[in-house]
Amino acid sequence: MSLSRLELDWLKQEAKDETELKNFIQRANVGEPIAKIIGHKGFWKGDFIVSEDVLDPRPDSETLIEAVLATFPNKNMPLRFLDLGTGSGCLIISLLQEYPNAHGVAIDVSQKALSIARQNAQDLPIDFIQADMRDLPKKLGKFDVVISNPPYIPHQDIETLDVAVKNYDPILALDGGEDGLDFYRALSQLTLTKNLFAEIGQGQEQSIIDIMQKQNWTYQKSWKDLGGITRVLYFKN
Ligand code: GLN
């Protein structure tokens, strides 16, 4: 692993002294992502605290923010959002920053992730609830929009991922079961909303559309990420 000039400058800026810088460089050299070393990462228009307990926010996931904004262009709408598998909270927090009258609920199975997300949310009107998204608490109410970037890597593929992902992102946020699609099967059972936006992995589009259509969701649209890969699907019910 060799550090780029830019990454090195970044670590220099963040380190409080030479000893810390040395430690940062050693960690980066064995593949730890810079965001995890310095403890924060830019996403959309904000900066988010990150740790080993949350998925490193990725530029690809900003596609989901673009998708919601394109579908609901009136930013004054008092939308009620639900985020399933919130992690650092970067998705729902970015949306609430765009829609000043919106509010929402964010769910994660990991208490440690929720503690990071709560810090990131500051005073935004988000209720954080610890739960498995495959077994949601009753009485959450209805939502205008549900968003999710669920774990979608097929179990066997985890070993083949970059060191930066497989060793530093939580396995809970990656492992989508045998075919990677377990969490979409759970999403297909949702009855809390008419509008669902989900991030997906490369090449999963058709299988996920099939899963959703079996439960009477209508596929509306897809959005590609900056790499040209279909990254977000929008379904209505
Ligand atoms: N986008 C992540 C990756 O490529 C996976 C995150 C997820 O499973 N939701 O490694």
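Residues numbered from 1 in each chain as written. Predicted model: local features only at pLDDT ≥ 70, side-chain atom pairs only at ≥ 80, totals over all residues. Heavy atoms only, no water.

Draft legend 1. Focus on the site of the ligand. The immediate surroundings of the ligand are formed by Leu 55, Arg 58, Asn 149, Pro 150, Pro 151, Tyr 152, Ile 153, Val 165, Ala 173 and Leu 174. Tyr 152 is positioned with one of its backbone polar atoms (N or O) 2.9 Å from an oxygen atom of the ligand. In the model, an oxygen atom of the ligand is placed 3.4 Å from a nitrogen or oxygen of the Ala 173 main chain. Contact with the protein chains removes 87% of the 300 Å² of surface that the ligand exposes when unbound. In terms of residue class, the shell around the ligand is made up of eight nonpolar, one polar and one charged. (Near = heavy atom within 4 Å. Polar contact = N/O pair within 3.5 Å; in protein donor to acceptor, adjacent residues only side chain to side chain. Areas by Shrake-Rupley, 256 points an atom, 1.4 Å probe, with all protein chains shown as cover. Nonpolar A, V, L, I, M, F, W, Y, C, P; charged D, E, K, R; others polar.)

Draft legend 2. Region of the structure containing the packing of helix α1 (residues 5-14) against helix α2 (residues 18-29). The geometry of α1 relative to α2 is characterised by a closest axis approach of 9 Å and an angle of 145° between their N-to-C directions. The chirality of how α1 crosses α2 is right-handed. Touching Leu 8, Leu 11, Lys 12 and Glu 14 of α1 are Glu 20, Leu 21, Phe 24, Ile 25 and Ala 28, all from α2. A breakdown of the residues in the contact of α1 with α2 according to their chemical character gives six nonpolar, no polar and three charged. (Axes fitted to C-alpha atoms, helices over the stretch in contact; angles between N-to-C directions. Helix = DSSP H or I, 4+ residues; strand = E, 2+ residues; numbered from the N terminus. Left-handed = near helix turned anticlockwise from the far one by under 90°. Contact = heavy atoms within 4.5 Å.)

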